[in-house]
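Notes for the structure review
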Amino acid sequence: MGNCCAVPQTFDEDVKGRHKSNPFAVDYDDQAIPKGGYKLKSRVLDNPTGHDIEEFYELGRELGRGEFGVTYLCTDKSNREVFACKSISKIKLRTRVDIEDVKREVEIMKRLPNHPNIVSLKDTYEDNNGVHLVMELCEGGELFDRIVTRGHYTERAAAAVTRTIVEVIQICHENGVMHRDLKPENFLFSNRKETSPLKAIDFGLSVFFKPGERFNEIVGSPYYMAPEVLKRNYGPEIDVWSAGVILYILLCGIPPFWAETEQEIAEAIIRSVVDFKRDPWPKVSDKAKDLVKKMLNPDPKQRLTAQEVLDHPWLQNAKSAPNVSLGESVRARLKQFSMMNKLKKRALRVMAEHLSVEEVAGIKEGFQMMDTENKGKIDINELRTGLHKLGHQIPDADLQVLMEAGDVNKDGYLDCGEFVAVSVHLRKMNNEDHLLKAFEYFDRNQSGYIEIVELRDAFADEAEITTEEVINAIIQDVDTDKDGRISYEEFATMMKAGTDWRKASRQYSRERYNSLSLRLMKDGSLHMKN
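Residues numbered from 1 in each chain as written. Predicted model: local features only at pLDDT ≥ 70, side-chain atom pairs only at ≥ 80, totals over all residues. Heavy atoms only, no water.

**Describing the overall build of the protein chain**
Using the following cut-off: Per the convention used, a helix needs a DSSP run of H or I reaching at least four residues, while a strand needs a run of E reaching at least two, with both numbered from the N terminus. To sort residues, take the accessible area from a 1.4 Å probe on protein chains only and compare it with the maximum for the residue type: under 20% means buried, over 50% means exposed, and anything in between is partly exposed. All accessible-area figures derive from a Shrake-Rupley calculation using a 1.4 Å probe, and residue coverage is judged against the displayed protein chains alone.
Helix and strand counts for the protein chain come out as 20 helices and 15 strands. A buried classification covers 55% of the 530 residues belonging to the protein chain. Of the roughly 23,900 Å² of accessible surface on the protein chain, 50% is carried by carbon and sulfur atoms.

And the structure:
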């Protein structure tokens, strides 16, 4: 579920001067629940199916974790049918806006008709501790992951996926719902079969709208955000723009508006200049490019509607769209973006291991204070409690981002090394000694360059996902002088650059992460000496 409340706006309302310093800044509502948090016995849902979910369902393993709750596998006790249960903790509903968001998400899912490409809501339960949404289970993985794994990227496949996404938009708009957060991560396959349907799974930022109604809050994910969202004056046309961004990515492997900082991304979106020159665009059909251009028209009045997209010749003749691969570069780019963050995290860990005693002492002391049971690792609750003792009142969303950034092995905990590594990540990487130590870790023959064989050896323990193709793609991306190897200067540039677009797009708001970093560094609890 989202964290922003929809505020209708008239066409004549002046929106100039409302931009925050960060163009993607989230509007936090100040109508906080009274001190002590949300009253557990108060009701959130108007008409839940029941109160005791465990009377009818068995809750199993964790499937995912979000800002406000956890999704579990759940089994219907009567017929053993399996579903997904999204359990939202009431304690985490800290503002009235949070509560309204939960109610609205449920209302939207109930209003939308049964559709093969929209995840269905089966039951809702509410007890004193939380709200539990029993939904259709999707176990087939994300849209991008499926195509990358399949190893075959064609116009025909991209057309089929685009048609599905736009049909979902059309259903939403016909029922007075604006999605507002369309991105590949919000589409899952129902199962792992090749014929599995693709499902829209998240309506947490969606809102109801009426014809002519305008909205002004900035929500969504930066790379998929329409220019009028940044201008704080928009309507349902933004969903078609987001689908256009997804189509562009499906056809070439990167977003049309990609930059290292939020400000640069925003500027690129406002300019709305779409590149059709780089590989593989020369191989893409004119009809496909025509549809991308019309979906990414910066003027929402001139942009195609969902129905007009479905009527476009490229989608009308999707089965006859070229069924030849658009090139290995597309798959390589997608894998590279996923992998690049691992390369930087591995380097961060190396840097953390080579910090001086003085540099790491304060951070380790903080970790030991949080690790009250001396397990050698801390979970998100211990992190929250520890930071609270240090005087930090950090929203759970920020804590979740912090955990995800540091939890390299994805076991749900931060060990001391990971805690130190994320502390390095929370400051500017301007200590040359630390960067040099990390570089030397990869430059095992001390030649002054990281070569392909050295990069391959460094990731030998991840051989299943680190293919030769991915290694070559990393070298090519970081190797700016194109001599087939990575110099120290090129390595340092990569380490100091912003995070990759695919990792960033998985975060609800990078602004939260940035503000968390600034707070922690400013207050010094996770600050390191230069």
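Anyway, onward from the coordinates.
**Describing helix H1 (residues 96-111)**
Short version of the rule: Each residue after the first adds 1.5 Å to the expected span of a helix. Residue contacts follow a heavy-atom distance rule, with two residues in contact if any of their heavy atoms lie within 4.5 Å.
Over its 16 residues, H1 extends 22 Å from the first C-alpha to the last, a length consistent with the 22 Å expected when each residue adds 1.5 Å. Every buried residue belonging to H1 is among Val97, Asp98, Ile99, Asp101, Val102, Lys103, Arg104, Glu105, Val106, Ile108 and Met109, and all of these are buried. Along its buried surface, H1 packs onto strand S4 (82-89), strand S5 (121-126), strand S6 (130-135), strand S7 (177-178) and strand S10 (207-208).

**Description of unusual backbone geometry**
Unusually for a residue other than glycine, Ser272 sits at a positive phi of about 55°. Of note, Ser272 is situated in the loop between helix H6 (262-271) and helix H7 (286-295). Given a relative accessible area of 11%, Ser272 falls into the buried group. Even without a glycine there, the phi angle at Lys482 is positive, about 55°.

**Examining the packing of aromatic side chains**
Between two aromatic rings, the relevant description is the distance of the centres plus the angle of the planes. Put simply, the test is: Here a pair means two rings of Phe, Tyr or Trp (six-membered ring of Trp) with centres within 6.5 Å. Their orientation is stacked below 30 degrees between planes, edge-to-face above 60, and tilted elsewhere.
In total, this model carries twelve aromatic pairs according to the counting rule given. Between Phe56 and Tyr125 the ring centres are 6.0 Å apart and the planes differ by 35°, which places this aromatic pair in the tilted class. Of the two residues, Phe56 sits in the loop between strand S1 (8-9) and strand S2 (57-65) while Tyr125 sits in strand S5, which places them 69 residues apart along the sequence. Pairing Tyr248 with Phe276 gives two aromatic rings, centres 6.2 Å apart and planes at 55°, and the pair type is tilted. You can see Tyr248 sitting in helix H5 (residues 237-252) and its partner Phe276 sitting in the loop between H6 and H7, a full 28 residues away along the chain. Taking relative accessible area as the criterion, Tyr248 reaches 2% and is therefore assigned buried. For Phe276, a relative accessible area of 16% translates into the label buried. The rings of Phe439, Tyr441, Phe442, Tyr488 and Phe491 are connected pair by pair, giving a single aromatic cluster.

**Points about the state of the cysteines**
Filter applied, for reference: The rule for a disulfide is simple: a pair of cysteine sulfur atoms within 2.5 Å.
The final tally for this structure, using the stated rule, is zero disulfides. Counting only cysteine sulfurs, Cys74 is the nearest neighbor of Cys85, a cysteine outside any disulfide, at a range of 5.1 Å.

**Some words on the packing of H5 against H7**
A pair of packed helices can be characterised by two numbers: the angle between their axes and the separation between those axes. Worth spelling out the cut-off: Working convention: axes come from line fits to C-alpha atoms, limited for helices to the stretch in contact. Angles between N-to-C directions cover 0 to 180 degrees. For any pair of crossing helices, the crossing counts as left-handed if the nearer helix is rotated counterclockwise from the farther one by less than a right angle, and right-handed if it is rotated clockwise. Classes in brief: Ala, Val, Leu, Ile, Met, Phe, Trp, Tyr, Cys and Pro nonpolar; Asp, Glu, Lys and Arg charged; the others, Gly included, polar.
Interaxial distance between H5 and H7 falls to 8 Å at its minimum, and their mutual angle equals 145°. When the axes of H5 and H7 are compared, the crossing they make is left-handed. Contact with H5, carried on its side by Val240, Trp241, Ala243, Gly244, Leu247, Tyr248 and Leu251, involves Ala288, Leu291, Val292 and Met295 of H7 and no other residues of that element. Among the residues forming the contact of H5 with H7, the class breakdown is ten nonpolar, one polar and no charged.

**Some remarks on the pairing of S4**
How we decide: When DSSP locates at least two bridges between a pair of strands, those strands are taken to pair.
Burial runs high along S4: six of the eight residues are buried. The pairing of strand S3 (residues 69-76) with S4 spans seven bridges and is classified as antiparallel. Across the sheet, Val70 pairs through a bridge with Ser87, a residue of S4. Between S3 and S4, which pair antiparallel and follow one another directly, the connecting turn spans five residues, one of which, Arg80, has a positive phi of 65°. The pairing of S4 with S6 spans six bridges and is antiparallel. Within the sheet, the bridge partner assigned to Ala84 lies in S6 and is Met135.

**Description of the confidence of the model for the protein chain**
Stated formally: One confidence number per residue, pLDDT, is output by the predictor and ranges from 0 to 100.
Overall, the predicted model of the protein chain reaches an average pLDDT of 77, with 70% of residues at or above 70. Residue range residues 1-20 is modelled with pLDDT below 50. Its contacts to residues more than four positions away, or to other chains, number 70 contacts. The model gives residues 498-530 a pLDDT under 50, and that stretch makes 107 contacts with residues more than four places away or in other chains.

**Comments concerning the environment of Ala159**
With respect to the helices and strands, the residue Ala159 is situated in helix H3 (residues 155-174). Linking Ala159 and Ala288, residues 129 residues apart in sequence, is a C-alpha distance of 8.5 Å. Beyond its immediate stretch of four places on either side in the chain, Ala159 contacts Trp314, Leu315 and Ala318.

**Description of the sheet that holds S2**
If you walk across this open sheet you meet the five strands as S2-S3-S4-S6-S5, and the pairing is antiparallel. Only two strands of the sheet have a single partner each, and these edge strands are S2 and S5. Strand-to-strand twist of the sheet, defined as the mean angle between neighbouring strand axes without regard to direction, takes the value 25°. The pairing of S5 with S6 spans five bridges and is classified as antiparallel. Of the residues in S6, the one forming a bridge with Glu126 is Val131. Most of the contacts of H1 go to S5, to which it runs at about 150°, and overall it touches S4, S5 and S6.

**Some thoughts on the pattern of salt bridges**
Note the following rule: When a carboxyl oxygen of Asp or Glu lies within 4 Å of a side-chain nitrogen of Lys or Arg, that pair is called a salt bridge.
For the coordinates displayed, the defined rule picks out 19 salt bridges. A salt bridge links Lys294 to Asp290; its shortest N-O distance comes to 3.1 Å. Of this pair, Lys294 and Asp290 are both found in helix H7, four residues apart, which corresponds to roughly one turn of the helix. Taken together, the salt bridges that share partners define one network made up of Asp76, Lys122 and Asp123.

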